[in-house]
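One letter stands for each residue in the lines below.
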Amino acid sequence: MSQDSSTLREEGNNHFKAGDVQQALSCYTKALKISDCQSESAVLYRNRAACYLKLEDHTKAEADATKALDVDQGDVKARFRRAQALQKLGRLDQAFTDAQKCAQLEPKNKAFQDLLRQLGAQIQILFMTYRQKAAQNLVVLSREDAGAEQIFRNDGVKLLQNLLDSQQEDLILSALRTLVGLCTGHQSRTMAIVNEVGMDRLCGVMASAASTVSLSACHLIQVMFEALTEGMKKEIRGKDEAILPEPSRELRSMLRHLIDMLPASSVSGAGRDSAINLLVKQVPRKSLKNPDNSLTLWVIDQGLKKILEVAGTVPEVKGGPPLTDNTPMSCSVLLNKLYDDLKSDKERENFNKLCEEYVQYHFGRSDMESKLRAIQTVSVLLQGPSDVGNRTLELSGIMDAVISLCASENISHQQVAVEALIHAAGKAKRASFITANGVALLKELYKKSENDRIRVRALVGLCKLGSAGGTDFSMKQFAEGSTLKLAKQCRKWLCNEALPPASRRWAIEGLAYLTLDADVKEDLVEDKKALQAMFELAKSEDKTVLYAVGSTLVNCTNSYDVEKPDPQMVELAKYAKQHVPEEHPKDAQSFVGKRVVKLLEAGVVSALVCMVKQESPVLTEACRECIARVILALVERQEDRGLVVAQGGGKALLPLVSESTDQGKIKAAQALAKITITSNPEIAFPGERVYEVVRPLVSLLALDCTMLQNFEALMALTNLAGISERLRQKIIKEKAVPKIEGYMFEEHDMVRAAATECMCNLALSSEVQKCYLAPDSDRLKLLVLYSGEDDERLRKAASGTLAMLTGEMPELCTRIPDTTSHWLEIFQALLLSESQDLRHRGVVIVMNLMQADKSLAEKLMESEALEILSVLAKGDDPKQASIQKAAQRCLDLALEYGLIQSNEGGVNGKTM
């Protein structure tokens, strides 16, 4: 028997060597059936495993190799074949163990070493994949409070710390997003995480050069700030508007770390911008009604010099921290926010003193780098708290140094000086000085400089000086046609894609000044290539361009505020030979309308939508106001509103109504109103977004808003109130009802009618209906009287409300005769109206009165109403079927009450 199995094994080996694997498999299988020797069987199993590997039947290969190893654990060939099979089956950990033992038994075997390396790499990839999936699962789990608590209580924070230290971007992002879930709205967890993870680690992550990681870390710290501050507010809620307590130790620690990040050379430009952004959001008071600005004072005391150190950094000079193109403007915004948050002259004087000392210290040093730092700091201050910037500019020698350095042969020195000169020209008095003394220098730089960076800045300086007359057509700083030439050159620079974005951005700065001239506006909107180049820059990473784009578009759409002078005052000014501003002929509404159409065709809406989405301190409240003004101008014409909504303009307005200047919020709310009036709100603002529209519309029902804004808000609320009960409840919750009722007494016919229409739709809500049952209320009387007014729109609104209320609340009907002695005449006039809508409302009111009370029905039948109803019931016009049906119901009720007698299908007389 043994000999026979050996023979079959040899035959199998020969077949295997010849490449006939199936025959070899058959021989080994036959041999196994007759083999009675354990060691012989082990060899056969090992050989058959090799056949199964060739045939890619890895499950059987693994089983046979295991049977061989059961006999001899030292069979290295069987172990190697099992490792190969396990590798193919995906059981990498077991395969790695077998391959490792093979390599230990025969360290010089190249096949074993190769397999071991393959398995090591595969396991590493698999581990990373599993780790990434596990990290992503944590993100999902943390979004629910129960899941977040589970992670927190099971030492999940330690795991997240390991992920933060992993140096792998995907894992770090997952850890940051999980921490966001843990901290959102939960003060105690946030405090524990701040202490356990540590601000050093979080700031280190935010300092990363990877912008996505830096932004995610910034978002996490923002969420932490919100959780801590909101938690503090909840603790004192209900204590008579008590002043908020001092920030906790954790808050101060977080702010101190952010301040320390600013000048650190190890922090990336993106990380530094994120730190500035957080300080902008967290330090100044959200409302000036809050008297406590101690946090601002603390930051000024601890960090103003560090902020100025970043502000004064000249990128081209070695030794400074890395900056982005956005950093100087972000510093300007932060400095401006801090200065605006100061309450007293003493606090402002201290701020001025600290800035002056910093500038004087560096300007007084002998090295050029320090002098440049001083001038750069002044430049940043001029763009932020300009009063402070003007004071530092007036320090001895600064302005002279700026003028002198403009002629420097060093490009970096020249650039710093020219920028300072441009920002210095903002003050009218100084602009006149620079016009007299600096224009020749700027022209020289523009014409003769070989460096594009200097030329474009000199060009902007000329543009700023050339636009000093503003929109006043009669005030021209330069010769006729000069501004058009400057604008043409700006457009040329803007369209030159070979230039760096920073240089092209300066071209938009120039246009922002020059487009105060209507001729420049007309040329710009005709240049579609220039418009699209500007819009592309608005969507780019360079956020410093946002305000310049916004200002340019405000100018082109004439959406800035213009006070129309009193004609009598104009005549007096002319008589007194005083200057009278003149409007450019091309600033007439007909020209503005055409410019708006061209901007829409060029894709202005998508650019504005992208601008709103930017997360940067550079997107200031003033910048948001510009965007709101432009969108309002774009939706002025009803036919353009659909396009604006389709391209995301409606959605873009929602953040602008809460994060802008007071005027910006009003403009954004008015644009929302215009869209809501003419569009289906559920399509324009889908889902939950439609409920966000209510509050800004209600905010327009205020005395400081114009009559037009009041009217448009009422129209928009009318549209919303007619959609659903939930929307009506939202309007009621925003305390709009008393305001709307107030406008029902307005002298202006259209506003009064709009308010009544709005109340008509709101009266569908039972909560509003109850208001009409209140004792000593004139609400019902007002509706009855308005139903008899000459204004048809007002009559329709008032009578429609009455028709609905009398149907829903029969008890209200008996009060109507007490409202006015003319109630019968008013309702009869409705029945006799030429307007089908008014007749229908009138007949429904009469029907409701008759159904509610027999005595009311008797009074109606004693009047001319019986004859009118008889005529209305006989009509055969299908368009008036609803009127006929209601009139017939009135007659039927009169018959039921015995007030009239039937006479062959008609009516005959009255009973007494």
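Residues numbered from 1 in each chain as written. Predicted model: local features only at pLDDT ≥ 70, side-chain atom pairs only at ≥ 80, totals over all residues. Heavy atoms only, no water.

**Examining the pattern of salt bridges**
So, point 1. Under the criterion given, the structure shown has 45 salt bridges.
So, point 2. In this structure, glutamate 636 and lysine 674 form a salt bridge, with 3.6 Å as the shortest nitrogen-oxygen distance. On the criterion of sequence distance, the pair formed by glutamate 636 in the loop between helix 34 (621–634) and helix 35 (641–646) and lysine 674 in helix 37 (residues 662–678) is long-range, its members being 38 residues apart.
So, point 3. For glutamate 636, a relative accessible area of 44% gives the class partly exposed. (Salt bridge = Lys/Arg side-chain N within 4 Å of Asp/Glu carboxyl O. Helix = DSSP H or I, 4+ residues; strand = E, 2+ residues; numbered from the N terminus. Buried < 20%, exposed > 50% of the residue type's maximum accessible area, 1.4 Å probe, protein only.)

**A look at the side chain of aspartate 341**
So, point 1. With respect to the element layout, aspartate 341 can be found in the loop between helix 17 (327–340) and helix 18 (345–363).
So, point 2. With relative accessibility at 3%, the residue aspartate 341 sits in the buried group.
So, point 3. Polar side-chain contacts of aspartate 341 include one of 2.8 Å to the side chain of arginine 285.
So, point 4. Sequence-distant contacts of aspartate 341, that is, excluding residues within four places in its chain, are made with Val283, Pro284, Arg285, Leu288, Asn293 and Thr296. (Polar contact = N/O pair within 3.5 Å; in protein donor to acceptor, adjacent residues only side chain to side chain. Contact = heavy atoms within 4.5 Å.)

**Notes on helix 42 (residues 725–733)**
So, point 1. Those residues of helix 42 lying buried are Leu727, Arg728, Ile731 and Ile732. Projected onto a plane normal to the axis of helix 42, the buried residues spread over an arc of 145° and lie on a single side.
So, point 2. Note on helix 42: the residue one or two positions beyond its end, lysine 735, has a positive phi of about 60°. (Arc of directions from axis to C-beta.)

**Details of helix 11 (residues 187–197)**
So, point 1. The set of residues buried in helix 11 consists of Arg189, Thr190, Ile193, Val194 and Val197. Projected down its long axis, helix 11 shows its buried positions confined to an angular sector of 135°, all on one face.
So, point 2. Among the residues trailing helix 11, glycine 198 stands out with phi positive, at a value near 90°.

**Notes on the packing of helix 19 (residues 368–383) against helix 22 (residues 411–424)**
So, point 1. Running from N to C, helix 19 and helix 22 point in directions that differ by 30°, and their axes come no closer than 9 Å. Here helix 19 lies roughly parallel to helix 22, going by the angle between them. Here the hand of the crossing between helix 19 and helix 22 comes out left-handed. Here Met368, Leu372, Ile375, Gln376, Ser379, Leu382 and Gln383 of helix 19 come into contact with helix 22, specifically with His413, Val416, Glu419, Ala420, His423 and Ala424.
So, point 2. Here the contact of helix 19 with helix 22 is composed, by residue class, of seven nonpolar, five polar and one charged. (Axes fitted to C-alpha atoms, helices over the stretch in contact; angles between N-to-C directions. Parallel < 35°, antiparallel > 145°, perpendicular 65-115°, else oblique. Left-handed = near helix turned anticlockwise from the far one by under 90°. Nonpolar A, V, L, I, M, F, W, Y, C, P; charged D, E, K, R; others polar.)

**Notes on the UniProt feature "repeat: TPR" (unreviewed entry) in the protein**
So, point 1. Per the UniProt entry, the sites bearing "repeat: TPR" (unreviewed entry) are residues 5–38 in this numbering.
So, point 2. Along residues 5–38 one finds 82% helix and 0% strand; the C-alpha atoms at either end are 12 Å apart. (UniProt positions renumbered as here; feature names shortened; annotations may be inferred.)

**Side note on the environment of threonine 327**
So, point 1. Mapped onto the fold, threonine 327 is located in helix 17.
So, point 2. The exposure class assigned to threonine 327 is buried, which follows from its relative accessible area of 0%.
So, point 3. Residues threonine 327 and threonine 313, spaced 14 residues apart in sequence, show a C-alpha to C-alpha distance of 9.8 Å.
So, point 4. Here threonine 327 is in contact with Gly269, Arg272, Asp273, Ile276 and Val310, once residues within four sequence places are set aside.

**A closer look at the packing of helix 41 (residues 707–721) against helix 44 (residues 749–762)**
So, point 1. As a packed pair, helix 41 and helix 44 sit with axes 8 Å apart at the nearest point and diverge in direction by 20°. Taken together, the axes of helix 41 and helix 44 are roughly parallel relative to one another. Seen along the crossing, helix 41 lies across helix 44 with a hand that is left-handed. Between helix 41 and helix 44, the contacting residues are Met707, Phe711, Leu714, Met715, Leu717, Thr718 and Ala721 on the first element and Met750, Val751, Ala754, Ala755, Glu757, Cys758, Asn761 and Leu762 on the second.
So, point 2. For the contact of helix 41 with helix 44, the residue count by class is twelve nonpolar, two polar and one charged.

**Here's the deal with the side chain of serine 503**
So, point 1. Examined against the element boundaries, serine 503 turns out to sit in helix 27 (residues 501–514).
So, point 2. The class of serine 503 is buried, set by a relative accessible area of 2%.
So, point 3. The contact partners of serine 503, leaving out residues within four places of it in the chain, are Arg453 and Val456.

**Quick word on the packing of aromatic side chains**
So, point 1. According to the stated counting rule, one finds three aromatic pairs in the structure shown.
So, point 2. Their ring planes at 45° and their centres at 4.9 Å tell us that phenylalanine 80 and phenylalanine 112 sit as a pair that is tilted. You can see phenylalanine 80 sitting in helix 5 (residues 76–88) and its partner phenylalanine 112 sitting in helix 7 (residues 110–142), a full 32 residues away along the chain. Each member of the pair, phenylalanine 80 as well as phenylalanine 112, is classed as buried.
So, point 3. Here arginine 726 stacks its cationic end above the ring of tyrosine 691, 4.0 Å away from the centre of that ring. (Phe/Tyr/Trp six-rings, centres within 6.5 Å; stacked < 30°, edge-to-face > 60°. Lys NZ or Arg CZ within 6 Å of the ring centre and 35° of its normal.)

**Observations concerning unusual backbone geometry**
So, point 1. The backbone of glutamine 167 shows a phi angle near 65°, a positive value even though the residue is not glycine.
So, point 2. Assignment of secondary structure puts glutamine 167 in the loop between helix 9 (156–164) and helix 10 (169–183).
So, point 3. By relative accessible area, glutamine 167 is classed as exposed at 71%.

**Topic: the state of the cysteines**
In a disulfide, the sulfur atoms of two cysteines are covalently bonded to one another.
So, point 1. Under the definition given, this model contains zero disulfides.
So, point 2. Cysteine 623 takes part in no disulfide bond, and the closest cysteine sulfur, belonging to cysteine 626, lies 6.0 Å away. (Disulfide = S-S within 2.5 Å.)

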